[in-house]
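Chains, contacts and geometry: an overview
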Amino acid sequence: MVERARREFAVLLGVFRRTAVLVPVDDESGSPLTGDYGGVRWIYAFSNERTLARFALARGEGDREWSYQGWLGARLLDAAVPAAGVPCGVALDVGDEGEGTLFPPVRGVVPERVAVDVVAETGDGN
């Protein structure tokens with residue numbers, strides 16, 4: 001069962017890496033919108049405008065205009081995550097009950113140099 005879940009996640013990760021997603025950005029800095037939870041910074045990403053709108057409503061911010069950019073999932077994982085400078089992953093479609101997916105900062109998802117499981121194994125923070 002665990003092996004099956006790993007295979008399914010690998011397929012999902014491959015699709016995500018090849019797919020353009022919507023990334024809300026901070027209007028002042030132009031940086032991707034993030035949230036911190038459990039010692040990890042999560043970059044918010046959305047499959048479409050509908051899921052982004054549900055996220056905005058869940059935050060009580062549905063009445064304002066949301067700026068966003070289109071990013072490939074691979075660019076988020078390979079460039080934005082390492083640029084965060086802290087343990088960071090991608091939260092896809094959060095606020096879309098039962099449909100969200102987390103891409104955590106672990107080996108095989110993000111570059112090894114920023115994967116928290118590699119750092120924990122080696123004891124090396126670099």
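It should be noted that the structure appears before, not after, this text.
Residues numbered from 1 in each chain as written. Predicted model: local features only at pLDDT ≥ 70, side-chain atom pairs only at ≥ 80, totals over all residues. Heavy atoms only, no water.

**Examining unusual backbone geometry**
Quick note on the threshold: The helix count covers DSSP runs of H or I at least four residues long, the strand count covers runs of E at least two residues long, and both are numbered beginning at the N terminus.
Backbone geometry places D93, a non-glycine residue, at a positive phi of 60°. Of note, D93 is situated in the loop between β5 (88-92) and β6 (101-103).

**Considering the side chain of D93**
Going by this rule: Burial classification: accessible surface area is computed with a 1.4 Å probe over protein chains only, and a residue below 20% of its type maximum counts as buried, one above 50% as exposed, and the rest as partly exposed. Counted as positive: Lys and Arg. Counted as negative: Asp and Glu, with His and the chain ends omitted from the count. For this document, the term salt bridge refers to a Lys or Arg side-chain nitrogen within 4 Å of an Asp or Glu carboxyl oxygen. Polar contact is defined as a pair of N or O atoms within 3.5 Å, subject to the rule that within protein one atom must be able to donate a hydrogen and the other to accept it, and that residues adjacent in sequence are counted only when both atoms are side-chain atoms.
Buried charge without a salt bridge: D93, with R54 as the nearest opposite-charge side chain at an N-O distance of 7.2 Å. Side-chain polar atoms of D93 contact the side chain of T51, separated by 3.1 Å.

**Quick notes on the sheet that holds β5**
Formally: We call two strands paired when DSSP finds no fewer than two bridges between them. Every axis in this analysis is a line fitted to C-alpha atoms, fitted for helices over the stretch in contact. Angles between the N-to-C directions lie between 0 and 180 degrees. Contacts: residue pairs with any heavy atoms within 4.5 Å of one another.
Read from one edge of the open sheet, four strands run β2-β3-β5-β6, paired in mixed fashion. Taken across any chain shown, the strands that pair with only one partner, and hence form the sheet edges, are β2 (34-37) and β6. Each strand of the sheet is rotated relative to its neighbour by a mean of 30°, with strand direction disregarded. Strand contacts of helix α1 (residues 2-18): β5 and β6, with the helix running at about 80° to β6, the strand carrying the most contacts. Across the face of the sheet, helix α3 (residues 73-83) comes into contact with β3 (40-45), β5 and β6 while running at roughly 135° to β5.

**Comments concerning the packing of aromatic side chains**
Inclusion rule: Here a pair means two rings of Phe, Tyr or Trp (six-membered ring of Trp) with centres within 6.5 Å. Their orientation is stacked below 30 degrees between planes, edge-to-face above 60, and tilted elsewhere. Note on geometry: a ring has a charge over it if NZ (lysine) or CZ (arginine) is within 6 Å of the ring centre and within 35 degrees of the ring normal.
Applying the stated criterion across every chain yields a total of five aromatic pairs. Plain terms: the ring middles of F9 and F103 are 5.7 Å apart, the flat faces sit at 40° to each other, and that makes the pair tilted. Within this pair, whereas F9 is found in helix α1, its partner F103 is found in strand β6, the two being separated by 94 residues in sequence. For F9, a relative accessible area of 28% corresponds to the partly exposed category. Ring centres 4.3 Å apart and planes at 15° place the aromatic pair F16 and F103 in the stacked group. Of this pair, F16 sits in helix α1 while F103 sits in strand β6; the two residues are 87 residues apart in sequence, bridging distant segments of the chain. For F16, a relative accessible area of 4% translates into the label buried. You can call F103 buried: its relative accessible area is 0%. The ring of W66 is capped by R64, whose NZ or CZ atom sits 3.9 Å from the centre of that ring.

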